[in-house]
Amino acid sequence: MGIAVGKWEAAPWKQTLREHSRAAQVVAEFLTRDFDESTFPYDGNPFSVLERNFVLAGFCMRRLAEKLLLTDRLNEQAFSFRCFPAVSDNFRPPLPSSTSNMFYENYRFDTPGTASLTIRDFGNEVVHSSHIGVVTEPELLPVGIVVASDWRLSKRLLHLTFHEWADLCGTVLADRVVVASDDWDPETQQTNRSYAPRGV
C-alpha cells in the first residue's frame, strides 16, 4: 500500500488566515453600522459570513501552532485577552440557531478580567466557539468581537477589539517559519525539529 508523505508548509495556511481574518474584520465592522444588507460585500447573511471567516481564521492559527509552523517563541507566548465571568445562577444556554441578545445576560460586563492564552489555545476557543457576536455600541465595553467557547461557555466570555484582532493575526502572519521538519532519533528517543526561516 502506498501513502503519499511530505512536509507541512506555513504558506498555504497563512494565505488562508490572511484572507479570512481580514474578511471577518470587514464583516464585523459592517455590523457595527446602520447597515443596508443590499450593500453587504459578501454572499449570505452577515452573521453567518462572520462566523465562517472567524472560525476558519481560528482554525488556521491552531493548525500553524500544532504543526510546528510557528517559532517556539511564538508558540509558547501567552497573550492576554479581556474576558467577563458568567453569572453564578440562572445561566441560560444560547439558542443554537441565532445570536440572541438574551444570551449575553449570562455575563457580568461590570466585572472584567483577563485570560492568558497561547495562539493554539485561542484557536481552540474559536474553533469550538458556541457563540460569536459583535459589540456595536461601546457602552460597557469597546466595539469588537465576543466569543464563547463551548468548553467554557458557562464560565466566561472573551472579547477583542478590531485592532486587537488585527494585531493578533498580524503577529502570526509575521512569524518567520516557512517550513518545519522533524525526525525520530532512536538513540535519544527524542524528536528532533528544524525550521526553515523566511527567505531560506
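Keep in mind that this is a model prediction, so the values were computed, not measured.

Conventions we followed
Residues numbered from 1 in each chain as written. Predicted model: local features only at pLDDT ≥ 70, side-chain atom pairs only at ≥ 80, totals over all residues. Heavy atoms only, no water. Core = buried A, V, L, I, M, F, W, Y, C linked by side-chain atoms within 4.5 Å. Buried < 20%, exposed > 50% of the residue type's maximum accessible area, 1.4 Å probe, protein only. Helix = DSSP H or I, 4+ residues; strand = E, 2+ residues; numbered from the N terminus. Contact = heavy atoms within 4.5 Å. Axes fitted to C-alpha atoms, helices over the stretch in contact; angles between N-to-C directions. Parallel < 35°, antiparallel > 145°, perpendicular 65-115°, else oblique. Phe/Tyr/Trp six-rings, centres within 6.5 Å; stacked < 30°, edge-to-face > 60°. Pairing = 2+ DSSP bridges. Patch = residues over 30% accessible without salt bridge, like charges linked within 9 Å, V, L, I, M, F, W, Y side chains within 5 Å. Areas by Shrake-Rupley, 256 points an atom, 1.4 Å probe, with all protein chains shown as cover. Salt bridge = Lys/Arg side-chain N within 4 Å of Asp/Glu carboxyl O. Disulfide = S-S within 2.5 Å. Polar contact = N/O pair within 3.5 Å; in protein donor to acceptor, adjacent residues only side chain to side chain.

This paragraph deals with the nonpolar core. Membership of the largest hydrophobic core comes to 39 residues, with the highest contact counts inside it found for Leu 17, Phe 54, Met 61, Phe 122 and Trp 165. By residue number, the principal contributor to this core is helix 2 (residues 46-66), which donates eight residues. The residues touching Phe 122, leaving out its near neighbours within four places in the chain, are Phe 54, Met 61, Phe 81, Leu 117, Leu 160, Trp 165 and Leu 168.

This part covers the packing of helix 1 (residues 11-31) against helix 5 (residues 162-174). Here helix 1 crosses helix 5 at 175°, and the two axes come no closer than 10 Å. On the basis of the axis angle, helix 1 is roughly antiparallel to helix 5. Contact residues: Lys 14, Leu 17, Arg 18, Ser 21, Ala 24, Gln 25, Ala 28 and Glu 29 in helix 1; Phe 162, Trp 165, Ala 166, Cys 169, Val 172 and Leu 173 in helix 5.

To continue, consider the packing of aromatic side chains. Under the definition given, this model contains eight aromatic pairs. One aromatic cluster is present, formed by Phe 54, Phe 81, Phe 122 and Trp 165 through successive ring pairs.

Moving on, we get to the environment of Arg 120. You can see Arg 120 is positioned in helix 4 (residues 119-127). When its relative accessible area of 39% is taken as the criterion, Arg 120 is described as partly exposed. Discounting chain neighbours no more than four positions away, the residues touching Arg 120 are Arg 62, Ala 65 and Glu 66.

Moving on, we get to the pairing of strand 1 (residues 79-85). Of the pairings in the sheet, the one linking strand 1 to strand 2 (residues 113-117) comprises five bridges and is antiparallel in character. Note that in strand 2 the partner of Cys 83 across the bridge is Gly 113. Pairing between strand 1 and strand 5 (residues 156-161): four bridges, direction antiparallel. Of the residues in strand 5, the one forming a bridge with Arg 82 is His 159.

Moving on: the sheet that holds strand 1. Hydrogen bonding along the main chain pairs the strands of a sheet, whether they run parallel or antiparallel. Strand order in the open sheet formed by five strands is 2-1-5-4-3, with antiparallel pairing between adjacent strands. Lying at the two open borders of the sheet, with one neighbouring strand each, are strand 2 and strand 3 (129-135). Neighbour to neighbour, the strand axes of the sheet diverge by 35° on average, direction disregarded. In terms of strand pairing, strand 3 meets strand 4 (residues 144-149) through six bridges, oriented antiparallel. Following the sheet pairing, Ser 129 is matched in strand 4 by Ser 149. Its contacts with the sheet place helix 2 against strand 3 and strand 4, and it is angled at close to 115° to strand 3.

This next bit is on a nonpolar patch on the surface. A contiguous nonpolar patch, built from Met 1, Ile 3 and Val 5 and spanning about 470 Å² of accessible area, is present on the exposed surface. On the basis of relative accessibility, which here comes to 61%, the residue Ile 3 falls in the exposed class.

Looking now at the state of the cysteines. According to the stated counting rule, one finds zero disulfides in the structure shown. Here Cys 60 stays unpaired: no disulfide links it, and the sulfur of Cys 169, its closest cysteine neighbor, is 9.5 Å away. Left unpaired, Cys 83 is separated from the closest cysteine sulfur, that of Cys 169, by 19 Å. What makes Cys 83 buried here is its relative accessible area of 9%.

Bringing the side chain of Arg 156 into the picture now. When you line up the elements, Arg 156 lands in strand 5. Within polar-contact distance, the side chain of Arg 156 engages the side chain of Glu 125 at 2.9 Å. Every residue in contact with Arg 156, bar those within four places of it in the chain, is listed here: Cys 83, Phe 84, Pro 85, Ala 86, Tyr 107, Ala 115, Leu 117 and Glu 125.

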